[in-house]
Protein chains: 2
Amino acid sequence: MILHLNTLFNPQSVAIVGATQDTRRAGGQPLYSLTHQGYTGQVFAVNPRYTEIEGRACYASVDALPQRCDLAVIAVPAAEVPNTLEACGRRGISHAVILSAGFREIGERGAALEACLQTALESSGVRAVGPNCVGMMNLRSRVFAGFGAAFRKTDWRGGPVAMISQSGGFAYSIMTYCEEAGIGFDHMVSTGNESSLNTLDFIEYFLEDEQTQLIAVYMEGIHDGRRLRALGRRALETGKPIAVWKVGNTRAGSRAAVSHTANLTEDYDYYRDAFREGGFLQIREIYDLIDAARVFRSRKRPRGNHVAIVTTSGGAGVLLADACEHANLILPEMTAPTLAALKPLLPDFASTANPIDVTAAIAQKEPEFSAATQAVLDDPNVDMLILRSYPGRDAPLWAHNFAAAASASDKPILISLTGTLRESSAWLPTLEAAGVPCFEAPSRVVYAAAALHEFARKCERTARHVEASRVIAKQALPLDMPGGFDELQGKACLEAYGIATPKRMFVAAGEEGTLQACGLKFPVVLKVVSPDLPHKTDAGGVRIGITSKDELGQALVKMKQSVVAYRPDARIRGWLIEEMAQGVELIVGALNNPSFGPLVVVGMGGVYAELFKDVARRYAPFGVTAAHELVLSLKGAQILQGYRGKPACDIDALADAVSRVSWLIADHINRLREIEINPLIASDKGVIAVDAVISSG
Amino acid sequence: MILHLNTLFNPQSVAIVGATQDTRRAGGQPLYSLTHQGYTGQVFAVNPRYTEIEGRACYASVDALPQRCDLAVIAVPAAEVPNTLEACGRRGISHAVILSAGFREIGERGAALEACLQTALESSGVRAVGPNCVGMMNLRSRVFAGFGAAFRKTDWRGGPVAMISQSGGFAYSIMTYCEEAGIGFDHMVSTGNESSLNTLDFIEYFLEDEQTQLIAVYMEGIHDGRRLRALGRRALETGKPIAVWKVGNTRAGSRAAVSHTANLTEDYDYYRDAFREGGFLQIREIYDLIDAARVFRSRKRPRGNHVAIVTTSGGAGVLLADACEHANLILPEMTAPTLAALKPLLPDFASTANPIDVTAAIAQKEPEFSAATQAVLDDPNVDMLILRSYPGRDAPLWAHNFAAAASASDKPILISLTGTLRESSAWLPTLEAAGVPCFEAPSRVVYAAAALHEFARKCERTARHVEASRVIAKQALPLDMPGGFDELQGKACLEAYGIATPKRMFVAAGEEGTLQACGLKFPVVLKVVSPDLPHKTDAGGVRIGITSKDELGQALVKMKQSVVAYRPDARIRGWLIEEMAQGVELIVGALNNPSFGPLVVVGMGGVYAELFKDVARRYAPFGVTAAHELVLSLKGAQILQGYRGKPACDIDALADAVSRVSWLIADHINRLREIEINPLIASDKGVIAVDAVISSG
């Protein structure tokens, strides 16, 4: 569906509108690049001021072009861009790269111009990159349709990474670092103001491009959170990670982002939740991207998180073991056959606990070193192998032997270099050709191993395709309530979805006499029901811990006086009497985010949990397995599991209720704004939604 | 006091014991290095198997040496090391580097040999590096007294960093990375098993070495925590940071450390506390060390944490702003004069909010770019400047102008490079010569700025020398209690240090009749006092919430029956009646760690605070200012400050009590093992230690 971008990235012919001889200008550099850097398509210069540029015909306007083109590179003043686009439309040019700046990013005046641009884009049907961008590059067909440092450099190495960036300058910076570390990009696109094509369009395109192995995205913000999430799911299906460097996440950063490209940045939490559920890798520094590109180059994926470390330096072993534990990678013991195989190969003072310190002595001996590594690799307890290299004289021989073993194994093998890439250059290509990535700074190998495992786990789960077991509402919800639901109606919604609420009795106003018949178990709570008293407690409209019928009668009389005194004109629907629940308090919330969709938030109750922000979030709907995970991811989960000798809560019942809430919100995306169950009380006997506020909208 | 190490690092003469011609062996490489790599002192070979090695006389034994030497490099089999040391002692050789391995690190047999080694060290008086180490290097006097990759490399650049490592192999790895990033080491010492000289000895030595600017330490564990802390204080006095890469901090890592060099690793928390209070930088990856070395090269220190970011790429500005906020660096607005100065220099679409995006357009123009940067640097709101460079054609001119401005300012200036070090090599030395460090990966500059600020803040505080206001005990403590104090005695200790306890009455066993006269305010609590009932609650020996004299009398009768039934032979000293306190519960603990010294731990009370590990720790003693900070560093501090409309607690009183506890533990390092006040109740009226357990030891 996004195939039309093939035309953008592989144009047969390009018109440069605003072409000039001066390569320092936005209209000069692409003309130079497209004619001198190996592009084999046709190039046309357009500029009314010239009839010829360096021997090449220059046309006065787009309309004057001698033939239809696939792509226009537009580098005219901002005010002329809309007309230029209209002309492109007339001449059948389907795609454009708008380098011009001076739109929304400069404030009001620019925003007005951008509105004209939008109109021109729609009426012309042209799909464009930009405006306010540095352009687009495709090394495979040598299309350099842009300006600035990235386009001046002609000797990019190229490679299986595609770069999509909301900052042109920063994209260049990322690419140069990666280049130096041996990571190449076939494509780069700077998206600018995204008036037409946006970051998500390009992610979609590159997810389906076979030669692209990794998509790198510098992101300040996107508008369609649901589509981001859908692309995350597609990434898991294709097994191709989206490495996203999301910035503008703090107050200071987001202020800076707005003054930069005016990208809307939703609360970062929504992004993080989307990244976590989908095929994204979160990049926090350039090293993360470099190392992700290295480790995902191979298609091998680990079955689990059991890692063997083979080291030639005890010190590095200690450090790697620390890093693995922090990254939730487990270091299993070797099985007896492995230990038996290692014994004759290693000196007495070697350590065969994991990390396996083969010692520097053995690292200089082949085939002992390779044989020891092979034995560890073959151990059934091992899903992945991390090897600390030794900068010995025999490294080339070892690399040769080891590459053979690596090729024959389906387990990922990662090398932590003792020296630098440069020092290891004699034998490193041997390993890389065998699909063995090598990492410089010592703990980076662990970052890569953890990222590989995490991505593999998510892919595998997607493949298993655990469908969220659908919850069907038992009855229709009272959804025609303007402005929200009162407590009774809110609880009716929960019950319609099978979520337990306290046993209760409603006494309508004027029928207080029927109170005699209260069949509830004491203690009970008494609450006023009124659309005019949202803050019941302040009005004296809540009384807890009532232990007898007499007390209940007296409480009712007193409450009536109290709420009338508080607000004489309040419409009182009646009185709610409920059994009280004992147990651990939780808060279960749900909301429909306009961009990202329905979401459930679970947290422990109480002031500390609130202060410590002990909440877990997940996009809705989801089944009980996911709900289980969600609840157990709370730090306070220990309290639910029976802390300090208390009985454990019924976590199955809790997960069931949380899953039901996820369906309730997801089934009513356009009708419900928010649900807050506070508290939901969990005990060994089940869970009960004690209070619920539901707002429609 | 550690001056004797001058002899070790700058020997006039070296004897190599176990010398050989084979440079692949431990006794061969130092002989080769010391004779071929520029060392100008005398070198003597010792080995009974040769009379000559490559034309040089070889002596049969240390005793046969023709003269006294300063240093012996020992590379004989482990079993021969003790005798060799004795011979060194006889011949007046004061220092040795023991390269031999096969001691404690290989298990029982080695441990026995290491005991012999210890005896020989003591009787001979020789101070030694090792054993089980790769040796020591001093590039200033070209002393290469070791073996392995680090000693084979002859072209180390040298520089103001000293490396001390508990892993020889890892030290080499660190040094090569740093070398490639332009960071040089004048000294490296691999400490091995530390049977004689240890890591702390070397830290002490390099702290006083004038040319050393930064001490880099790879540490698995040390034995004398107090000395580590004292060195941390000295580092703040000298203004010279100790960059410590502490590993073995997790279960897996510490298991690996023990099998490596058998270094004891105390709980990591004690190290972290020591690092935080003293002049340490915690290194977590090689980049931290490299960037620390870069930023501490200049002696400029920021006055505060207000940072201006000047960027030429909006995208980088967003990212840097995010990173600053995470690192607690503040981005202030520019003052009006600065804004006025910037206006004529920058294009309309530049942003003068901080980050100040001067745009790529201006970055190519001199002197505008320099002038704009200068205006920001001069702003009185700015303590430090972070500048994102632009890889423009005019960079050399800009670097020249900017270096001049930087030299004239006393504010630290840090550059975030858009390109790589290599790309910037034409103009980078100009900046570095002016004391302006340049950083590669974009967020690293923020790490460096934060490290610089944090270190400066600690130095400045040390210089102000806020002496912990001494608390004097009002009365002597009952310190002769074997096995600890009962509750009454514990509270007496607290009172002796001016810490409030509840109003109380003690009724001795047999005098229950006097209970009439109870002058306390109800509600009260009643507790049994007995040395035989440590778990009072289980014995029915605690009753809270007693609201009248009658209830108290009944409770006493019932409690007597209950405790007698629970343990008929319990010696009952009597009964304690105390007023009950209302407020926020805290736990204040203190202990004497045998290695690191006295420590206070403060935490919020309650199950969530316990689960969430909301505790703050600090070595004792300390004054009320430090106690204030400690208490306010708790996540739960918001609760103390008046959360959800509750009145704020008296935090001055709380800080005072915590400081007093710090003196109580510090004054009795050899007498008290542990103090636990649980709970300490804080309210707007003050603080009260409701229960206290003190154990002597």
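None of these values were measured; they are calculated from a predicted model.

So, how was this worked out
- Residues numbered from 1 in each chain as written.
- Chains lettered and ligands numbered in written order.
- Predicted model: local features only at pLDDT ≥ 70, side-chain atom pairs only at ≥ 80, totals over all residues.
- Heavy atoms only, no water.
- Phe/Tyr/Trp six-rings, centres within 6.5 Å; stacked < 30°, edge-to-face > 60°.
- Helix = DSSP H or I, 4+ residues; strand = E, 2+ residues; numbered from the N terminus.
- Buried < 20%, exposed > 50% of the residue type's maximum accessible area, 1.4 Å probe, protein only.
- Lys NZ or Arg CZ within 6 Å of the ring centre and 35° of its normal.
- Pairing = 2+ DSSP bridges.
- Contact = heavy atoms within 4.5 Å.
- Axes fitted to C-alpha atoms, helices over the stretch in contact; angles between N-to-C directions.
- Polar contact = N/O pair within 3.5 Å; in protein donor to acceptor, adjacent residues only side chain to side chain.
- Parallel < 35°, antiparallel > 145°, perpendicular 65-115°, else oblique.
- Left-handed = near helix turned anticlockwise from the far one by under 90°.
- Domains from an automatic or database assignment.
- Buried area = accessible area lost by both parts, 1.4 Å probe.
- Salt bridge = Lys/Arg side-chain N within 4 Å of Asp/Glu carboxyl O.
- pLDDT = per-residue confidence, 0-100.
- Least-squares fit on C-alpha atoms with pLDDT ≥ 70 in both.
- Nonpolar A, V, L, I, M, F, W, Y, C, P; charged D, E, K, R; others polar.

**Student:** Mind showing me how you'd approach the packing of aromatic side chains here?
**Tutor:** For any pair of aromatic rings, the description rests on two quantities: the centre-to-centre distance and the angle between the ring planes. For the structure on display, the rule yields 36 aromatic pairs over all chains. With centroids separated by 5.6 Å and ring planes inclined at 75°, the aromatic side chains of W398(A) and W427(A) adopt a geometry described as edge-to-face. Taken together, the residues W398(A) in helix 16 (residues 395–408) and W427(A) in the loop between strand 18 (413–416) and helix 17 (428–433) connect sequence positions 29 residues apart. Considered together, W398(A) and W427(A) belong to a single accessibility category, that of buried residues. Each member of the aromatic cluster is reached from another via a ring pair, and the members are Y270(A), Y271(A), F275(A), F280(A), F596(A) and Y619(A). A cation over an aromatic ring shows up here: R617(B) above the ring of Y270(B), its NZ or CZ 4.8 Å from the ring centre.

**Student:** Hey, could you run me through the sheet that holds strand 18 of chain A in this one?
**Tutor:** Consider a sheet: its strands pair through backbone hydrogen bonds, and that pairing is either parallel or antiparallel. Residues and elements named next belong to chain A. Spatially, five strands are ordered 16-15-17-18-19 in an open sheet, and the strand pairing comes out parallel. Only two strands of the sheet have a single partner each, and these edge strands are strand 16 (356–357) and strand 19 (438–439). In this sheet, strand 18 lies alongside strand 17 (residues 384–388) in parallel orientation, the contact comprising four bridges. Note that in strand 18 the partner of R388 across the bridge is S416. The strands touched by helix 16 within the sheet are strand 17 and strand 18, with strand 18 carrying the most contacts at an inclination of about 155°.

**Student:** Honestly, the environment of E277(B) in this entry has me stumped. Any pointers?
**Tutor:** All names here are of chain B. You can see E277 is positioned in helix 10 (residues 268–277). Taking the C-alpha atoms as reference, E277 lies 22 Å from V161; in sequence the two are 116 residues apart. When neighbours within four sequence positions are excluded, E277 is seen to be in contact with R229, R233, L236, K458 and Y619. Of the polar contacts made by the side chain of E277, one reaches the side chain of R229; its length is 2.6 Å.

**Student:** What should I look at first to understand the packing of helix 15 (residues 368–378) of chain B against helix 16 (residues 395–408) of chain B in this one?
**Tutor:** The description of two packed helices rests on the angle between their axes and on the distance between the axes. Residues and elements named next belong to chain B. Helix 16 packs onto helix 15 with a crossing angle of 25° between their chain directions and a minimal axis gap of 9 Å. The angle between helix 15 and helix 16 places the two elements in the roughly parallel class. As for how helix 15 packs across helix 16, the hand of that crossing is right-handed. Taking contact as the criterion, the partners of F369, S370, T373, Q374 and L377 in helix 15 are, on helix 16, W398, N401, F402 and A405.

**Student:** Just checking my understanding: could you explain helix 11 (residues 286–295) of chain A for this structure?
**Tutor:** Since the α-helix packs 3.6 residues into each turn, any two residues three or four apart lie on the same face. With ten of ten residues buried, helix 11 of chain A lies mostly within the body of the structure. Turning to helix 11 of chain A, its buried residues are I286(A), Y287(A), D288(A), L289(A), I290(A), D291(A), A292(A), A293(A), R294(A) and V295(A).

**Student:** Explain the domain arrangement of chain A to me, please; I cannot follow it from the model alone.
**Tutor:** Size of an interface, as often reported, equals the accessible area lost when the parts are brought together. Residues and elements named next belong to chain A. Taken as a whole, chain A is organised into domain 1 (1–132), domain 2 (155–297), domain 3 (299–464), domain 4 (503–579) and domain 5 (584–696). One C-alpha centre belongs to domain 2, the other to domain 5, and the line joining them spans 32 Å. Contact with domain 2, which involves 16 residues of that partner, is made by twelve residues of domain 5. Overall, the association of domain 2 and domain 5 removes approximately 1200 Å² of surface from exposure, summing both partners, and the carbon and sulfur fraction of that is 48%. It is R226, R229 and Y270 that lose the most area in domain 2 upon contact with domain 5, and together they represent 53% of the buried surface on that side. Where domain 2 packs against domain 5, one counts two salt bridges. A salt bridge links D273 to R617, with the nearest nitrogen and oxygen atoms 2.5 Å apart. Our count for the contact surface shared by domain 2 and domain 5 stands at seven residue pairs in polar contact (both at pLDDT 80 or more).

**Student:** What should I look at first to understand the confidence of the model for chain A in this one?
**Tutor:** Interpreting fine coordinate detail is not advised for predicted regions of low pLDDT. The predicted model of chain A has a mean per-residue pLDDT of 90, with 96% of residues at 70 or higher. On the interface metric, ipTM, the complex scores 0.88, and its pTM is 0.90.

**Student:** Whenever I open this one, the relation of the copies chain B and chain A confuses me. Can you help?
**Tutor:** For the pair of chain copies, the relating transformation is a rotation about an axis with a translation along it. Rotating chain B by 180° and translating it 0.1 Å along the rotation axis places it on chain A, where the RMSD comes to 0.2 Å. A rotation of that kind, with that shift, is consistent with a two-fold axis. No C-alpha of chain B approaches the rotation axis more nearly than that of Y608(B), which lies at 3.1 Å. A shared interface surface links the copies, since 99% of the contact residues of chain B are contact residues in chain A too.

**Student:** Can you help me understand unusual backbone geometry in this one?
**Tutor:** When glycine is set aside, most residues are seen to have a negative phi, and most peptide bonds are trans. Looking along the chain, the bond that leaves N678(A) and enters P679(A) is cis, with omega of 0°. Position of P679(A) among the secondary structure elements: in strand 27 (residues 672–683). In this structure, P621(B) follows A620(B) across a cis peptide bond, with omega equal to -5°. Here P621(B) is to be found in the loop between strand 26 (615–619) and helix 22 (624–632). One non-glycine residue with positive phi stands out, namely K613(A), at about 50°. Position of K613(A) relative to the elements: it lies in the loop between helix 21 (607–611) and strand 26 (615–619). Exposure remark for K613(A): the relative accessible area of 64% places this residue in the exposed category.

**Student:** Looking at this model, I keep getting lost on the packing of helix 6 (residues 168–180) of chain A against helix 11 of chain A. Mind explaining?
**Tutor:** Residues and elements named next belong to chain A. With their axes 10 Å apart at the nearest point, helix 6 and helix 11 run at an angle of 50° to one another. Relative to helix 11, helix 6 is oriented oblique. Where helix 6 crosses over helix 11, the two elements pack in a sense that is right-handed. Between helix 6, through I174, Y177 and C178, and helix 11, the contact on the second element is made entirely by I286, L289 and I290. Grouping the amino acids of the contact of helix 6 with helix 11 by side-chain chemistry returns six nonpolar, no polar and no charged.

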